[in-house]
Amino acid sequence: MTQPHRPWYTILYVQVLVAIAVGVLIGHFFPKTGVALKPLGDGFIALIKMMIAPVIFCTVVHGIGSMRDLKKVGRVGVKTLFYFEAVSTVALLIGLLVGELLQPGKGFDIDPGSLDPKAVASYISRAKEEGLVAHLIGIIPETFIGAFAKGDLLQVLLVSILTGFAIARLGEVGEKINVAIEAMARIFFGVIRIIVRVAPIGALGAMAFTVGAFGVGSLVNLIELIATFYLTSLLFVLVVLGAIARFAGFSILRFIAYIKDELLIVLGTSSSETVLPHMIQKMERLGASKSVVGLVIPTGYSFNLDGTNIYMTLATLFLAQATNTPITLSQELGILVIAMITSKGASGVTGAGFVTLAATLQIVPDIPIQSIAILLGIDKFMSECRALTNLVGNGVATIVISRWEGELDADKLHEAMAHPLTVGEQMEEQPV
């Protein structure tokens, strides 16, 4: 039975696109009004974040609890981390290579002493607090419920994995509990579907604030770096992720069309966390198994941040070039290793990439850390590209690992890839 044709103005991605355009106009022509609309974007992000912990918990627990072979969880986990590390390293290398080839910071001749360290003091202090050991210890919540109260993705993931293992070992009782967990998940996804309908309002508020507060003019001085970063990220998605997607049996362009709603919401809010619950559901509808989706998507938000990786190595070289700090090949390789460590755990929240960059510079004393003040005015524009690239990378990873496990429904995948726009629109209308 064919779906009735829907009016164009009722389609979510059209609404979000229009809202972004209106937000840009308001921010440009009425900057004070644009800044005043910030609570709309903040409110939408807060609504989504409110649901992330319970959605991840139900998804991961149900996925692991449904597995009769617990060795499979470890196998999927090892494959996932191996894939993440391989692709993340490629992203870091690409950032270094492009930074060396194009040298976007050359000619700035900035004196680090002329920069105000107070402007970035909060980011530097956060970077000092988030050392490697502190970060690893921070994965363990103070209490079971504390993980949900704090909303830390890695803490929720740890609690969820342990709970899933416990349920899987309970036999028949565990199966009954798992049925209840699945029912809870349906409720939470139902709430998400309601919240997502106000995404256009959130995108309008966030975009109006960005343009109103920072202004399009703030892009002019650093336009070469911004253009370099966006171009590098685009090439990474089309070439690197495109090749991986082709190997897995689908087109990266059709996949992008399939997650168009989520990409536009991320563009408007500059945070990939705003679509995390929806991505879980959408990957399952694409044919990936629930168990794989439940492990890959949440883990990817902390360990598979391709856009953040490109940004870190590219921005580090930019700052070295802009402050005329000579960097040798061995130092560049050192930056690569350091970035591989500091990038882990940077979530999709706006500004996380900036803090991670500060953490990297803490360990690279040659580049003056106060130089990150140069990037402060444009980081909001850069974070949009980071979040978009991260989102596409995690989606591709989910399909690849699901196929690697032999748990990808090829029929569902081919149907979605053949009609990516239609499938996405139909999903909005279908029950959870």
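Bear in mind the structure is a predicted one, so any value in this text is a computation, not a measurement.

Considerations on the overall build of the chain
Right, so step 1: When you go through the chain residue by residue, the secondary structure sums to 22 helices and zero strands.
Right, so step 2: Taken over 432 residues, the chain has a buried fraction of 57%.
Right, so step 3: For the chain, the proportion of contacts with a sequence separation of at least 24, taken over those separated by at least 6, is 86%.
Right, so step 4: Working note: accessible area of the chain is about 18400 Å², and carbon and sulfur atoms make up 68% of it.

Observations regarding the packing of aromatic side chains
Right, so step 1: Taken as a whole, this structure holds eight aromatic pairs when the rule is applied.
Right, so step 2: Ring centres of Tyr83 and Phe84 lie 6.3 Å apart, and the angle between their planes is 65°; on these two criteria the pair is classed as edge-to-face.
Right, so step 3: Seen from their ring centres, Phe144 and Phe148 are 6.0 Å apart, and the 40° between their planes marks the pair as tilted. Taken together, the residues Phe144 and Phe148, both in helix H7 (residues 144-150) and four residues apart, mark about one turn of the helix.
Right, so step 4: Members of the aromatic cluster, each reached through a chain of ring pairs, are Phe57, Phe144 and Phe148.
Right, so step 5: Sitting over the face of the ring of Tyr258, Lys282 holds its NZ or CZ atom 5.2 Å from the ring centroid.

Some details on the side chain of Thr228
Right, so step 1: Following the sequence through the fold, Thr228 ends up in helix H11 (residues 223-248).
Right, so step 2: Residue contacts for Thr228: discarding those within four places in its chain leaves Val98, Leu102, Pro104 and Leu314.

Details of the nonpolar core
Right, so step 1: In terms of nonpolar packing, the biggest core is built from 115 residues, with Phe255 and Met283 touching the most fellow members.
Right, so step 2: Top element by residues in this core is helix H3 (residues 38-65). It accounts for 12 residues.
Right, so step 3: Phe255 has contacts with Phe250, Met283, Leu286, Val392, Gly395, Val396, Ile399 and Met417, leaving out every residue within four places of it along the chain.
Right, so step 4: In terms of nonpolar packing, the next biggest core, distinct from the first, is built from five residues, Ile26, Leu37, Leu204 and Ala208 among them.

Details of the environment of Phe84
Right, so step 1: Following the sequence through the fold, Phe84 ends up in helix H4 (residues 71-102).
Right, so step 2: The spatial distance from the C-alpha of Phe84 to the C-alpha of Phe303 is 6.5 Å, given a sequence separation of 219 residues.
Right, so step 3: Residues contacting Phe84, with those up to four places away along its chain left out, are Val296, Thr299, Gly300, Phe303, Asn304 and Ala397.

Things to note about the packing of H4 against helix H20 (residues 379-404)
Right, so step 1: One can describe the packing of H4 onto H20 by two numbers: an axis separation of 11 Å at closest approach and a directional angle of 135°. With respect to H20, the axis of H4 lies oblique. Relative to H20, H4 is oriented so that their crossing is right-handed. Here Val76, Lys79, Thr80, Phe82, Tyr83 and Phe84 of H4 come into contact with H20, specifically with Val396, Ala397, Val400, Ile401 and Trp404.
Right, so step 2: Residues that form the contact of H4 with H20 fall into these classes: nine nonpolar, one polar and one charged.

Structural notes on a nonpolar patch on the surface
Right, so step 1: On the surface, Leu231, Leu234, Leu235, Leu238, Val239 and Leu253 cluster together into a nonpolar patch covering about 550 Å² of accessible area.
Right, so step 2: When residues in the nonpolar patch are grouped by element, the largest group, five residues, is from H11.
Right, so step 3: With respect to the helices, strands and loops of the structure, Leu234 is situated in helix H11.

Some points on helix H13 (residues 260-269)
Right, so step 1: Among the 10 residues of H13, nine are classified as buried, and the element is accordingly described as predominantly covered.
Right, so step 2: When H13 is considered as a whole, its buried residues turn out to be Lys260, Asp261, Glu262, Leu263, Leu264, Ile265, Val266, Gly268 and Thr269.
Right, so step 3: Directly beyond the C-terminal end of H13, a positive phi value near 60° is found at Ser270.

Here's the deal with H20
Right, so step 1: Between its terminal C-alpha atoms H20 stretches 36 Å, which fits the 38 Å expected from 26 residues at 1.5 Å a residue.
Right, so step 2: Within H20, 23 of the 26 residues are buried, leaving the element largely enclosed by the surrounding structure.
Right, so step 3: Backbone geometry just downstream of H20 places Gly406 in the positive-phi region, at approximately 75°.

Considerations on the confidence of the model for the chain
A low pLDDT means the predicted coordinates there should not be read in detail.
Right, so step 1: Residues of the chain with pLDDT of at least 70 account for 81%, and the chain-wide mean is 79.
Right, so step 2: Within the chain, no element has a lower average pLDDT than helix H5 (residues 121-129), which sits at 52, and none a higher one than helix H12 (residues 252-258), at 91.

Some details on the pattern of salt bridges
Right, so step 1: Enumeration over the complete set of coordinates arrives at six salt bridges.
Right, so step 2: A salt bridge links Lys38 to Asp42; the nearest nitrogen and oxygen atoms lie 2.7 Å apart. Of the two residues, Lys38 and Asp42 both sit in helix H3, four residues apart, roughly one turn of that helix.
Right, so step 3: Residue Lys38 is classed as partly exposed on the basis of its relative accessible area, which comes to 32%.
Right, so step 4: By relative accessible area, which is 37% here, Asp42 ends up partly exposed.
Right, so step 5: Overlapping salt bridges bring together Arg75, Lys79 and Glu405 as one network.

Considerations on the environment of Ile369
Right, so step 1: Looking at the secondary structure, you find Ile369 in the loop between helix H18 (352-363) and helix H19 (373-376).
Right, so step 2: Expressed as a C-alpha distance, the spacing of Ile369 and Leu357, which sit 12 residues apart in the sequence, is 9.4 Å.

Considerations on unusual backbone geometry
Excluding glycine, a negative phi dihedral is what most residues carry, and trans is how most peptide bonds are arranged.
Right, so step 1: One non-glycine residue, Gln103, lies in positive phi territory at about 45°.
Right, so step 2: Along the polypeptide, Gln103 turns up in the loop between H4 and H5.
Right, so step 3: We classify Gln103 as partly exposed; its relative accessible area is 28%.
Right, so step 4: With a phi close to 55°, Asn324 is a non-glycine residue in the positive phi region.
Right, so step 5: Mapped onto the fold, Asn324 is located in the loop between helix H16 (306-322) and helix H17 (329-342).

The rules behind each value
- Residues numbered from 1 in each chain as written.
- Predicted model: local features only at pLDDT ≥ 70, side-chain atom pairs only at ≥ 80, totals over all residues.
- Heavy atoms only, no water.
- Helix = DSSP H or I, 4+ residues; strand = E, 2+ residues; numbered from the N terminus.
- Buried < 20%, exposed > 50% of the residue type's maximum accessible area, 1.4 Å probe, protein only.
- Contact = heavy atoms within 4.5 Å.
- Areas by Shrake-Rupley, 256 points an atom, 1.4 Å probe, with all protein chains shown as cover.
- Phe/Tyr/Trp six-rings, centres within 6.5 Å; stacked < 30°, edge-to-face > 60°.
- Lys NZ or Arg CZ within 6 Å of the ring centre and 35° of its normal.
- Core = buried A, V, L, I, M, F, W, Y, C linked by side-chain atoms within 4.5 Å.
- Axes fitted to C-alpha atoms, helices over the stretch in contact; angles between N-to-C directions.
- Parallel < 35°, antiparallel > 145°, perpendicular 65-115°, else oblique.
- Left-handed = near helix turned anticlockwise from the far one by under 90°.
- Nonpolar A, V, L, I, M, F, W, Y, C, P; charged D, E, K, R; others polar.
- Patch = residues over 30% accessible without salt bridge, like charges linked within 9 Å, V, L, I, M, F, W, Y side chains within 5 Å.
- Salt bridge = Lys/Arg side-chain N within 4 Å of Asp/Glu carboxyl O.
- Expected span 1.5 Å × (residues − 1).
- pLDDT = per-residue confidence, 0-100.

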